[in-house]
Amino acid sequence: WAVHAGDFGLDPGATVPLGDSAGAAVALGLTLRHPGRYRTQVLVYPFVDPSMDSDDRDLVDPDLDLEACEWFWANYAPDATRHTEVDPDPLRAASFAGQPATLIQLAQDDVLVPTAHDLSRRMSGAGVGVTLRTYPGVGHGVWRRDNDAAEAALADIAAYLEACAEEAPNDP
(Lines give C-alpha, C1' and ligand atoms only; values in the text may rest on other atoms or scores of the structure.)
Protein backbone atom coordinates (compact mmCIF):
# COMPACT_ATOMS: atom_id res chain seq x y z
CA TRP A 1 0.00 0.00 0.00
CA ALA A 2 2.88 2.41 0.71
CA VAL A 3 4.06 2.23 -2.89
CA HIS A 4 0.56 3.15 -4.09
CA ALA A 5 -0.22 5.81 -1.47
CA GLY A 6 -1.35 8.22 -4.18
CA ASP A 7 -4.01 5.72 -5.27
CA PHE A 8 -5.55 6.12 -1.82
CA GLY A 9 -5.46 9.91 -1.89
CA LEU A 10 -2.37 10.06 0.32
CA ASP A 11 0.75 12.13 -0.32
CA PRO A 12 3.46 9.53 -1.01
CA GLY A 13 6.07 11.96 0.30
CA ALA A 14 4.24 12.17 3.62
CA THR A 15 4.05 8.39 3.96
CA VAL A 16 6.67 7.12 6.40
CA PRO A 17 8.08 3.62 6.09
CA LEU A 18 8.35 2.43 9.69
CA GLY A 19 8.94 -1.01 11.11
CA ASP A 20 10.42 -2.90 14.00
CA SER A 21 12.69 -5.92 13.72
CA ALA A 22 11.94 -7.68 10.40
CA GLY A 23 9.45 -4.88 9.68
CA ALA A 24 12.39 -2.47 9.72
CA ALA A 25 14.01 -4.58 7.00
CA VAL A 26 10.82 -4.30 4.96
CA ALA A 27 10.72 -0.52 5.48
CA LEU A 28 14.37 -0.18 4.49
CA GLY A 29 13.86 -2.42 1.46
CA LEU A 30 10.99 -0.19 0.38
CA THR A 31 13.09 2.98 0.52
CA LEU A 32 15.99 1.25 -1.25
CA ARG A 33 13.64 0.24 -4.08
CA HIS A 34 12.16 3.74 -4.32
CA PRO A 35 14.96 6.26 -3.67
CA GLY A 36 13.78 9.83 -3.31
CA ARG A 37 10.14 8.92 -2.75
CA TYR A 38 10.07 9.24 1.05
CA ARG A 39 11.19 12.12 3.28
CA THR A 40 12.00 9.97 6.27
CA GLN A 41 11.89 6.45 7.65
CA VAL A 42 11.94 4.88 11.10
CA LEU A 43 13.81 1.63 11.75
CA VAL A 44 13.33 0.10 15.19
CA TYR A 45 15.98 -2.50 16.15
CA PRO A 46 16.39 -3.46 12.49
CA PHE A 47 16.74 -7.18 11.72
CA VAL A 48 18.68 -6.81 8.48
CA ASP A 49 21.62 -9.24 8.41
CA PRO A 50 20.84 -12.89 7.57
CA SER A 51 24.53 -13.78 7.94
CA MET A 52 24.34 -12.55 11.55
CA ASP A 53 28.03 -11.67 11.19
CA SER A 54 27.62 -8.42 13.07
CA ASP A 55 25.25 -9.64 15.79
CA ASP A 56 26.65 -9.58 19.31
CA ARG A 57 27.36 -13.20 20.21
CA ASP A 58 28.27 -12.32 23.80
CA LEU A 59 25.17 -10.32 24.61
CA VAL A 60 22.44 -12.07 26.54
CA ASP A 61 19.05 -10.75 25.50
CA PRO A 62 16.15 -12.67 27.02
CA ASP A 63 13.90 -11.47 24.21
CA LEU A 64 16.02 -12.52 21.21
CA ASP A 65 19.06 -14.78 21.12
CA LEU A 66 21.10 -15.98 18.17
CA GLU A 67 19.31 -19.32 18.03
CA ALA A 68 16.01 -17.46 17.65
CA CYS A 69 17.60 -15.22 14.99
CA GLU A 70 18.58 -18.31 13.01
CA TRP A 71 15.02 -19.65 13.29
CA PHE A 72 13.52 -16.33 12.17
CA TRP A 73 15.88 -16.05 9.19
CA ALA A 74 15.11 -19.65 8.19
CA ASN A 75 11.42 -18.78 8.13
CA TYR A 76 11.65 -15.20 6.82
CA ALA A 77 14.03 -16.04 3.97
CA PRO A 78 14.14 -19.84 3.74
CA ASP A 79 16.13 -19.89 0.48
CA ALA A 80 19.62 -19.22 1.84
CA THR A 81 20.92 -18.59 -1.68
CA ARG A 82 18.84 -15.38 -1.66
CA HIS A 83 20.47 -14.08 1.52
CA THR A 84 23.01 -12.25 -0.62
CA GLU A 85 20.25 -10.24 -2.31
CA VAL A 86 19.29 -6.78 -1.09
CA ASP A 87 15.67 -7.64 -0.26
CA PRO A 88 16.40 -10.03 2.61
CA ASP A 89 19.75 -8.37 3.38
CA PRO A 90 19.56 -4.57 2.94
CA LEU A 91 23.10 -4.25 4.32
CA ARG A 92 24.23 -5.52 0.92
CA ALA A 93 22.88 -2.44 -0.84
CA ALA A 94 25.51 -1.02 -3.17
CA SER A 95 24.80 2.44 -1.77
CA PHE A 96 22.60 4.17 0.73
CA ALA A 97 22.86 7.49 -1.11
CA GLY A 98 19.44 8.99 -1.69
CA GLN A 99 17.92 7.35 1.37
CA PRO A 100 15.62 9.57 3.41
CA ALA A 101 16.50 10.93 6.82
CA THR A 102 16.34 7.98 9.19
CA LEU A 103 15.59 7.43 12.85
CA ILE A 104 17.11 4.18 14.13
CA GLN A 105 16.03 3.04 17.58
CA LEU A 106 17.93 0.39 19.51
CA ALA A 107 17.34 -1.63 22.64
CA GLN A 108 20.63 -1.61 24.56
CA ASP A 109 20.59 -5.34 25.35
CA ASP A 110 19.51 -6.45 21.86
CA VAL A 111 21.83 -8.82 19.97
CA LEU A 112 21.13 -6.69 16.88
CA VAL A 113 22.79 -3.52 18.23
CA PRO A 114 26.09 -3.98 16.32
CA THR A 115 24.18 -4.58 13.07
CA ALA A 116 22.22 -1.37 13.58
CA HIS A 117 25.42 0.56 14.30
CA ASP A 118 26.90 -0.82 11.09
CA LEU A 119 23.79 0.25 9.17
CA SER A 120 23.91 3.70 10.78
CA ARG A 121 27.59 4.17 9.81
CA ARG A 122 26.97 3.08 6.23
CA MET A 123 23.98 5.37 5.87
CA SER A 124 25.78 8.33 7.45
CA GLY A 125 28.78 7.69 5.20
CA ALA A 126 26.46 8.00 2.20
CA GLY A 127 25.27 11.40 3.39
CA VAL A 128 22.01 10.23 4.95
CA GLY A 129 20.92 12.12 8.05
CA VAL A 130 20.69 9.44 10.74
CA THR A 131 19.37 9.93 14.25
CA LEU A 132 20.34 7.04 16.49
CA ARG A 133 18.59 6.48 19.83
CA THR A 134 19.41 3.73 22.31
CA TYR A 135 17.12 2.78 25.18
CA PRO A 136 19.05 1.47 28.20
CA GLY A 137 18.31 -1.71 30.06
CA VAL A 138 15.89 -3.24 27.55
CA GLY A 139 16.04 -5.97 24.95
CA HIS A 140 14.53 -6.68 21.58
CA GLY A 141 10.80 -6.16 21.43
CA VAL A 142 10.69 -3.17 23.77
CA TRP A 143 7.81 -1.75 21.72
CA ARG A 144 5.59 -4.56 22.90
CA ARG A 145 6.25 -3.84 26.55
CA ASP A 146 4.38 -1.67 29.00
CA ASN A 147 7.33 0.24 30.44
CA ASP A 148 9.05 3.61 30.44
CA ALA A 149 11.41 2.66 27.60
CA ALA A 150 8.52 1.75 25.32
CA GLU A 151 6.75 5.01 26.13
CA ALA A 152 9.98 6.96 25.52
CA ALA A 153 10.57 5.20 22.19
CA LEU A 154 7.07 5.97 20.95
CA ALA A 155 7.31 9.59 22.16
CA ASP A 156 10.67 9.94 20.39
CA ILE A 157 9.15 8.67 17.14
CA ALA A 158 6.28 11.14 17.43
CA ALA A 159 8.69 14.02 18.11
CA TYR A 160 10.96 12.94 15.24
CA LEU A 161 8.09 12.74 12.77
CA GLU A 162 6.74 16.09 13.95
CA ALA A 163 10.15 17.70 13.42
CA CYS A 164 10.41 16.12 9.96
CA ALA A 165 6.96 17.43 9.06
CA GLU A 166 7.96 20.93 10.16
CA GLU A 167 11.09 20.75 7.97
CA ALA A 168 9.17 19.46 4.94
CA PRO A 169 8.62 21.94 2.15
CA ASN A 170 5.10 23.30 1.97
CA ASP A 171 3.34 22.43 -1.25
CA PRO A 172 1.71 25.41 -2.98
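Preceding this section is the structure that the text describes.
These lines cover the structure that appears in this document, whether it is placed above or below. Model, not experiment: these values are computed from the prediction. (Residues numbered from 1 in each chain as written. Predicted model: local features only at pLDDT ≥ 70, side-chain atom pairs only at ≥ 80, totals over all residues. Heavy atoms only, no water.)

### Some words on helix α4 (residues 148–167)
- Spanning 20 residues, α4 covers 28 Å between terminal C-alpha atoms, matching the ideal 28 Å at 1.5 Å per step.
- Of all the residues in α4, the buried ones are A149, A150, A153, I157, Y160 and C164. Down the axis of α4, the buried side of the element spans an arc of 105 degrees, and every buried residue falls inside it. Set apart from the buried face of α4 by more than 90 degrees, the exposed residues are D148, E162, A165 and E166.
- In the core, the buried residues of α4 are packed alongside β1 (18–20), β2 (40–44), β3 (101–107) and β4 (130–135).
- One side-chain oxygen at the N-terminal end of α4 lies 3.1 Å from the backbone nitrogen of A149; it belongs to N147. (Helix = DSSP H or I, 4+ residues; strand = E, 2+ residues; numbered from the N terminus. Expected span 1.5 Å × (residues − 1). Buried < 20%, exposed > 50% of the residue type's maximum accessible area, 1.4 Å probe, protein only. Arc of directions from axis to C-beta. Contact = heavy atoms within 4.5 Å. Polar contact = N/O pair within 3.5 Å; in protein donor to acceptor, adjacent residues only side chain to side chain.)

### Focus: the nonpolar core
- Residues L28, L43, F96, I104, L119 and M123 are the most contacted members of the largest nonpolar core, which totals 17 residues.
- Looking at this core element by element, the count peaks at 5 residues for helix α1 (residues 22–33).
- The contacts of L28, once residues within four sequence positions are left out, are Q41, L43, V48, P90, F96, Q99, L119 and M123.
- Counting residues in hydrophobic clusters, the runner-up holds 14 residues, among them V44, A107, Y135 and V138. (Core = buried A, V, L, I, M, F, W, Y, C linked by side-chain atoms within 4.5 Å.)

### What about the environment of S124?
- If you trace the backbone, S124 turns up in helix α3 (residues 113–125).
- Spatially, the C-alpha atom of S124 lies 9.6 Å from that of T102, the residues being 22 residues apart in sequence.

### Comments concerning the pairing of β3
- Most of β3 is tucked away: 6 of the 7 residues are buried.
- Looking at chain direction, β2 and β3 are connected through 5 bridges and run parallel. Across the sheet, the residue bridging to L43 is I104, located in β3.
- Taken together, the 6 bridges between β3 and β4 define a ladder with parallel strand orientation. (Pairing = 2+ DSSP bridges.)

### A look at the pattern of salt bridges
- Under the criterion given, the structure shown has 2 salt bridges.
- In this structure, D20 engages R144 in a salt bridge whose closest nitrogen and oxygen atoms are separated by 2.7 Å. With D20 in strand β1 and R144 in the loop between β4 and α4, this pair connects stretches of sequence that are 124 residues apart.
- Note that R133 and D156 form a salt bridge whose closest N and O atoms lie 4.0 Å from each other. With R133 in strand β4 and D156 in helix α4, the pair connects residues that are 23 residues apart, well separated along the chain.
- Of the residues examined, D156 reaches a relative accessible area of 25% and is grouped as partly exposed. (Salt bridge = Lys/Arg side-chain N within 4 Å of Asp/Glu carboxyl O.)

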